[in-house]
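Spelled out, the chains give:
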Amino acid sequence: MIKEGVVLGRRYEILGRIGSGGMADVYKGKDHKLNRYVAIKVLKSDYRSDQVFIKKFLSEAQAAAGLMHPNVVNVYDVGQDRGLYYMVMELVEGITLKDYIEKKGRISPKEAVSISIQMVTGLQAAHNHHIIHRDIKPQNIIISKDGKVKVTDFGIARATTSTQTISTSVMGSVHYTSPEQARGGVVDQKSDIYSIGITMYEMVTGHVPFDGDSTVSVALKHLQEEIASPAEEVEDLPYSLECIIMKCTQKNPAARYHDCASLLVDLKRSLVDPDGDFVFAGAAGNSDRTVVMSTEELEQVQGRGYSDDDDYDDDDDEEYDDDYDDDDNDRYNDRRRRKKNNVNPDTKRIMKILMIVAGVVVALLILFLVGNAAGFFNGPGLTRQEEEVATVPDLRGMTEEKARKALEGTNLGMKVVGDPQPSNQYEEGEIMSQDPAPDTEVALNTTIEVVLSSGEEAKTVQVPNVVDRSEADAERTLQAANLTVVHGEAQFSDDIAEGNVISSSPAAGTEVEEGTEVTIVISLGAEPATVPDLRGKSASAAEAALSDAGLNGSASEEYSDSVAAGNVISQSIDPGKKVDKGTTVSYVVSRGPETKYATVPNLIGKTESEARQALRDAGLSVGEVNDDYVSSDNVNRVVDQSISAGTSVEEGTSVSFTVNLGSEPDSGGSGENGGNSSQ
């Protein structure tokens, strides 16, 4: 561990350690020349004696230094001081994707796609510069405080080998490593895409697909076992995202995405069409450090990667795409169609054997014809095959004349492109950058494009504050500071008005060189709210739903025979409609069936039939009708009623009344009309 206060390269002061990986320690430092804070990655002592490793570390770091992108942790410088090999990088304040996943448990599909788009965009920039990361994992993805996703640790993974294949004891994190990387095959951009797929799998599920007690067991699972679809445990996972993850993690590299560009197309489409069927099939531990496998462990993986039944030739890397069992693609296509395979197993096995036999015969025939034409069978042809590629030398620091002399006899050409550029590292007339990068294997007669240094020291400027300013105003301000404006993906904002700048990267006040790209994000205004369906909900549930959507509610009441009292009958804005946040949605709450009232009519003096009709007309029912001897007046007329006339009662209420039978007859008479009657 380096003590605080140590200055490397007479420029970078160590302020304290902020992290540690498998091969390097990371320190916060200060660049006293440009007066800015930086991250300094220092190679651990275990690797300082390996000259091959050191050479690759320095060359790859220098190549990564030419990679400037908003989604990449930019490398500013690389050097050696007092036996310490260090790399100076952009200091990003934030959290690793690994910590973010552990904090949230699972990341929502929409957020996972958004993070993946930025991650893949950064990786695409690296691939365009012929840099293969080889160690993509959540620990190497940083989410800054302003939400920018950045890929880090470029160069370290590439520096773990001196050849194109992994033949030493160093290997990328085994939980995210591709099958071809685990078995020691050719590693290209498709290997990074496999690791991206594993990272996306972990984002949506909260764990890696394969885990085990040892690095060997995990590596063998990557080689032999099928990855279960994340949709099996994440029920609401969009279909398109499921297909994207499964295509990225195919064991056969030919079945994966060919490059980051094609993966980006599907990821962006997934945002607007989550359940679309547009992904086409092609031909975990908690460790925070790169896993180092011993030679014995690596030999176990490479020797046990496939059983004899896999018809696999360990010595033929060029036939790699054909080595995998055809069932890999069958399983992938079956998952996409979500249908059962109804093919008879015996028939399928016979067809598989026939296809393998035919493939072997065709492959042997092609190898024989090609080998015979190239002279493999008479000696000299082998020499010609080895000379078809050349390794690009490092021309940086040379003058144009010296560089052309250095290329003599290499079958490589050189072309100076563009105008000389300012450089703090190279003198006037010296080559400051080249494409392809040093140590890259290229075809013979390739032309190396170089840029010369003007010898001028690159001027620096502070990024002006353009937050909450209009897009046009922000562009003018940044251009006036001799900075290059790049537009990031527009975002919704509740705080910044539509058309104004939400953020800039690098942030305001950052000291950068003139001409540096500054990415600005423009506001789309407040994100529209979707009106929820309130019908049938209780009044309290309706208010909660509106509040969650950022809307206000206004309730009224009505009687309803069909909706239970207390529940919503209707709403003023249709469910699913997009409106501005804060909009008021009116809704009607049921009071239950309406209670109707009637006025009791005056029945006194009416005949029984008239009284009955009067009650029916008023919406009332006839109660008990009594006959009684009252007086000789108003015989057979109503003389009394149970509810007084003019009283308001509920409809259907029963009203009883008494009909006069006249004078009471003599006590000895029989009286034909004596007694009571009721109808």
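The rules we used
- Residues numbered from 1 in each chain as written.
- Predicted model: local features only at pLDDT ≥ 70, side-chain atom pairs only at ≥ 80, totals over all residues.
- Heavy atoms only, no water.
- pLDDT = per-residue confidence, 0-100.
- Contact = heavy atoms within 4.5 Å.
- 1 Å grid on protein atoms, 1.4 Å probe; cavity = no way out; pocket = protein on both sides within 12 Å on 5 of 7 lines; lining within 4 Å.
- Points joined across faces, edges and corners; volume = space filled by probe spheres on them.
- Helix = DSSP H or I, 4+ residues; strand = E, 2+ residues; numbered from the N terminus.
- Nonpolar A, V, L, I, M, F, W, Y, C, P; charged D, E, K, R; others polar.
- Patch = residues over 30% accessible without salt bridge, like charges linked within 9 Å, V, L, I, M, F, W, Y side chains within 5 Å.
- Areas by Shrake-Rupley, 256 points an atom, 1.4 Å probe, with all protein chains shown as cover.
- Salt bridge = Lys/Arg side-chain N within 4 Å of Asp/Glu carboxyl O.
- Buried < 20%, exposed > 50% of the residue type's maximum accessible area, 1.4 Å probe, protein only.
- Arc of directions from axis to C-beta.
- Core = buried A, V, L, I, M, F, W, Y, C linked by side-chain atoms within 4.5 Å.
- Phe/Tyr/Trp six-rings, centres within 6.5 Å; stacked < 30°, edge-to-face > 60°.
- Lys NZ or Arg CZ within 6 Å of the ring centre and 35° of its normal.
- Pairing = 2+ DSSP bridges.
- Axes fitted to C-alpha atoms, helices over the stretch in contact; angles between N-to-C directions.
- Parallel < 35°, antiparallel > 145°, perpendicular 65-115°, else oblique.
- Left-handed = near helix turned anticlockwise from the far one by under 90°.

Caption draft 1: Seen up close, the confidence of the model for the protein. For the protein, mean pLDDT is 81; residues scoring 70 or higher make up 81% of the total. Segment residues 159-172: pLDDT under 50, and 47 contacts once partners within four positions in sequence are set aside and those in other chains are kept. Taken together, the stretch residues 301-326 has pLDDT below 50 and engages in 53 contacts with residues farther than four places along the chain or on a different chain.

Caption draft 2: Molecular detail of the layout of surface pockets. By volume, the second largest pocket is sized at about 1200 Å³. Along its surface, the second largest pocket is lined by 38 residues, and Ser-114, Gln-118, Glu-489, Ala-490 and Gln-491 are the ones closest to its centre. For the lining of the second largest pocket, the leading source of residues is helix H3 (residues 109-128), giving eight residues. Within the lining of the second largest pocket, the residues separate by chemical class into 15 nonpolar, 14 polar and nine charged.

Caption draft 3: Structural view of a nonpolar patch on the surface. Together, Ile-353, Val-357 and Val-361 give the surface a local cluster of nonpolar side chains, amounting to about 270 Å² of exposed area. Overall, the relative accessible area of 48% leaves Val-357 in the partly exposed class.

Caption draft 4: Spotlight on helix H17 (residues 608-617). Of all the positions in H17, only Glu-608, Ala-611, Arg-612, Ala-614 and Leu-615 are classed as buried. End-on view of H17: buried residues confined to an arc of 160°, all on one side of the axis. When the buried face of H17 is taken as reference, the exposed residues oriented beyond 90 degrees from it are Ser-609 and Asp-617. On its buried side, H17 packs onto strand S26 (621-628), strand S27 (638-641) and strand S29 (654-660).

Caption draft 5: How the structure looks around unusual backbone geometry. Residue Asp-435 is joined to Pro-436 through a cis peptide bond whose omega torsion reads 5°. Here Pro-436 lies in the loop between strand S12 (431-435) and strand S13 (441-443). A cis amide bond links Ser-505 to the next residue, Pro-506, at an omega of 0°. Mapping Pro-506 onto the fold places it in the loop between strand S17 (501-505) and strand S18 (511-513). Backbone geometry at Arg-10 places phi at a positive 55°, although glycine is not the residue there. Here Arg-10 is to be found in the loop between strand S1 (7-8) and strand S2 (12-20). A positive phi is found at Asn-482, a non-glycine position, where the angle reads about 60°. Checked against the element boundaries, Asn-482 lands in the loop between helix H15 (471-480) and strand S16 (484-487). With a relative accessible area of 43%, Asn-482 lands in the partly exposed category.

Caption draft 6: Spotlight on the nonpolar core. Counting 74 residues, the largest nonpolar core has Leu-97 and Met-203 as the members making the most contacts within it. The leading source of residues in this core is H3, at nine residues. Sequence-distant contacts of Met-203, that is, excluding residues within four places in its chain, are made with Leu-97, Ile-101, Arg-106, Ile-107, Ala-112, Ile-115, Ser-116 and Met-119.

Caption draft 7: Spotlight on the packing of aromatic side chains. Summed over the entire model, instances satisfying the criterion amount to one aromatic pair. Both rings, one in Tyr-12 and one in Tyr-86, keep their centres 6.1 Å apart while their planes meet at 65°; by these two values the pair is edge-to-face. Here Tyr-12 is found in strand S2, whereas its partner Tyr-86 is found in strand S6 (residues 84-90), with 74 residues between them in sequence. Under the relative-accessibility criterion, Tyr-12 is labelled buried at 2%. What makes Tyr-86 buried here is its relative accessible area of 4%. Seen from the ring of Tyr-76, Arg-36 lies directly overhead, with NZ or CZ sitting 3.9 Å from the centre. Sitting over the ring of Tyr-257, Lys-247 keeps its end group 4.4 Å from the ring centre.

Caption draft 8: How the structure looks around the sheet that holds strand S8 (residues 141-144). The strand order across the open sheet built from three strands is S7-S8-S9, with neighbouring strands paired in antiparallel fashion. If you trace the sheet from one side to the other, it starts and ends with strand S7 (94-96) and strand S9 (149-151), each paired once. The sheet shows a mean angle of 30° between the axes of neighbouring strands, direction not considered. Pairing of S7 with S8 involves three bridges; the strand directions are antiparallel. Within the sheet, the bridge partner assigned to Thr-96 lies in S8 and is Ile-142. Sheet strands touched by helix H2 (residues 97-104): S7 and S8. Its angle to S7, the strand with the most contacts, is close to 80°.

Caption draft 9: Focus on the pairing of strand S3 (residues 24-31). In terms of residue burial, S3 counts as a mostly covered element, since six of its eight residues are buried. As defined by bridge partners, S2 adjoins S3 across seven bridges and the pair is classed as antiparallel. Across the sheet, the residue bridging to Arg-17 is Tyr-27, located in S3. With eight bridges joining them, S3 and strand S4 (residues 36-43) adopt antiparallel strand pairing. By the bridge assignment for S4, Val-26 is matched with Lys-41. Counted along the chain from S3 to the antiparallel partner S4, the turn is four residues long, and its residue Asn-35 has a positive phi close to 55°.

Caption draft 10: Inspection of the packing of helix H5 (residues 189-205) against helix H7 (residues 239-248) at higher detail. Where H5 meets H7, the closest approach of the two axes is 7 Å, and the angle between their N-to-C directions is 140°. It follows that H5 is oblique to H7 by the angle criterion. Here H5 and H7 pass one another in a crossing that is left-handed. On the side of H5, the interface is formed by Ile-193, Tyr-194, Gly-197, Met-200, Tyr-201 and Val-204, while H7 contributes Leu-241, Ile-244, Ile-245 and Cys-248. Of the residues belonging to the contact of H5 with H7, the class tally is nine nonpolar, one polar and no charged.

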